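Spelled out from the first residue to the last, the chains are:
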Amino acid sequence: MSGANVRRYRILVLNTEPDARRVFGAALDAVPADYTFLAHHLMDPGQYLESLAPDLVLVSLEWIPQWRILVAAARRLQIPSVYVVDGVLDWSYVWENEAYILEQGTCLQPLMSNVLCVVSQHQARLAAHMGLGEAVRVVGLPRLDAAARCIPEAGARSGRILVTTANTWSLNDAHAESVRAAIADLVEYFSRPGSPPVAWRIAPELAQEHGLELDSASSIELAM
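Residues numbered from 1 in each chain as written. Predicted model: local features only at pLDDT ≥ 70, side-chain atom pairs only at ≥ 80, totals over all residues. Heavy atoms only, no water.

### Considerations on the nonpolar core
Here is step 1: Counting residues in each nonpolar core, the largest one holds 33 residues, and the members touching the most others are Leu 14, Leu 49, Val 57, Leu 70, Tyr 83, Leu 108 and Leu 116.
Here is step 2: Sorting elements by how many residues they give to this core places helix H3 (residues 65-76) first, with six residues.
Here is step 3: Setting aside chain neighbours within four positions, we find Leu 14 in contact with Leu 38, Val 57, Leu 58, Val 59, Trp 67, Leu 70 and Val 71.
Here is step 4: Core analysis: the next-biggest nonpolar cluster, separate from the first, contains 13 residues, Ile 183, Ala 203, Ala 207 and Leu 212 among them. (Core = buried A, V, L, I, M, F, W, Y, C linked by side-chain atoms within 4.5 Å. Buried < 20%, exposed > 50% of the residue type's maximum accessible area, 1.4 Å probe, protein only. Helix = DSSP H or I, 4+ residues; strand = E, 2+ residues; numbered from the N terminus. Contact = heavy atoms within 4.5 Å.)

Structure, rendered in structure tokens:
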């Protein structure tokens, strides 16, 4: 098929372009498309959507009020929307996330997008328990698609242990206390003679608190 005959889609992404490329990675280049990146509040999202006429809306933080309103407007106009969760879902994220979600609204209650993309089957089961099973698709983490990977030969593993946290490693004071205690326990355990080598990919402030040297995520292959 010649390039002239390939349809180019119009995709509206509710994010800045740099952060959208962090979240969606190479997936943004999976189909021929013209992207519009929207990162500011709209007074009339319905009118904006009618004017832009996108084929698809992509969102990674649907719980933000302005994006929920826009996605709801897209549904009314029968414009499909896809919510790719930026991170993972758990009870704390959905129900106890006072630092982010609860100040602004709710997460997935209800789901506004047509499709909910999650990291794993475990995440899909959590969403299914909330009655969202038909909308769920497991896509992994698109941001990691371009990361260096290898398939180690049998018996060739080094035995190195990866210890990692999310960038947002706690949601409230109680969570922070638990994470700090867990890191302290791991530091004490892996300091014992004969312990395997450790690659630390934790939040910089946690590493500083415990005197740890961080390993660059870009310098270590995903297959440890």
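Picking up where we left off.
### Notes on the packing of aromatic side chains
Here is step 1: Under the defined criterion, the tally for this structure stands at two aromatic pairs.
Here is step 2: With a centroid separation of 6.1 Å and 25° between ring planes, the pair formed by Tyr 35 and Phe 37 is classed as stacked.
Here is step 3: Judged by its relative accessible area of 21%, Tyr 35 falls in the partly exposed class.
Here is step 4: Overall, the relative accessible area of 24% leaves Phe 37 in the partly exposed class.
Here is step 5: Taking 5.2 Å as the distance between ring centres and 85° as the angle between the ring planes, the aromatic pair formed by Tyr 189 and Phe 190 counts as edge-to-face.
Here is step 6: Here Tyr 189 falls in the partly exposed class, since its relative accessible area comes to 43%. (Phe/Tyr/Trp six-rings, centres within 6.5 Å; stacked < 30°, edge-to-face > 60°.)

### What to know about the pattern of salt bridges
Here is step 1: Counted under the stated rule, the structure contains eight salt bridges.
Here is step 2: Here Asp 34 makes a salt bridge to Arg 8, at a shortest N to O gap of 3.2 Å. In this pair, Asp 34 sits in strand S2 (residues 33-37) while Arg 8 sits in the segment before strand S1 (9-13), placing the two residues 26 residues apart along the sequence.
Here is step 3: Overall, Asp 34 belongs to the partly exposed group, its relative accessible area being 41%.
Here is step 4: Given the relative accessible area of 45%, Arg 8 is considered partly exposed.
Here is step 5: For Asp 86, the salt bridge is made with Arg 22, and the minimal N-O distance between the two is 2.8 Å. One end of the pair, Asp 86, is in the loop between strand S4 (81-84) and helix H4 (91-95); the other, Arg 22, is in helix H1 (residues 17-24), and 64 residues separate them in sequence. (Salt bridge = Lys/Arg side-chain N within 4 Å of Asp/Glu carboxyl O.)

### Overview of unusual backbone geometry
Here is step 1: A cis amide bond links Gln 109 to the next residue, Pro 110, at an omega of 0°.
Here is step 2: Of note, Pro 110 is situated in the loop between helix H5 (101-104) and strand S5 (115-118).
Here is step 3: The backbone of Ala 53 shows a phi angle near 50°, a positive value even though the residue is not glycine.
Here is step 4: Take Ala 53: it is sitting in the loop between helix H2 (45-52) and strand S3 (56-59).
Here is step 5: Residue Gln 78 is not a glycine yet carries a positive backbone phi of 60°.

### Looking at the sheet that holds S4
Two strands in a sheet stick together by hydrogen bonds in their backbones, pointing the same way (parallel) or opposite ways (antiparallel).
Here is step 1: Here six strands make up an open sheet; going across it, the order is S2-S1-S3-S4-S5-S6 and the pairing parallel. Either end of the sheet is taken by a strand with one partner, and the two such strands are S2 and strand S6 (136-138). When strand polarity is set aside, the average angle formed by the axes of neighbouring strands in this sheet is 25°.
Here is step 2: Running at roughly 160° to S3, H3 makes contact with S1, S3 and S4 of the sheet. (Pairing = 2+ DSSP bridges. Axes fitted to C-alpha atoms, helices over the stretch in contact; angles between N-to-C directions.)

### Concerning the pairing of S3
Here is step 1: As judged from the three bridges shared by S1 and S3, these two strands associate in the parallel manner. Directly across from Leu 12, in S3, lies its bridge partner Val 57.
Here is step 2: Note that S3 and S4 share three bridges and pair parallel. Across the sheet, the residue bridging to Val 57 is Ser 81, located in S4.
Here is step 3: With H3 bridging S3 and its parallel neighbour S4, the resulting β-α-β unit is right-handed. (Right-handed = clockwise from strand over helix to strand, strands pointing away.)

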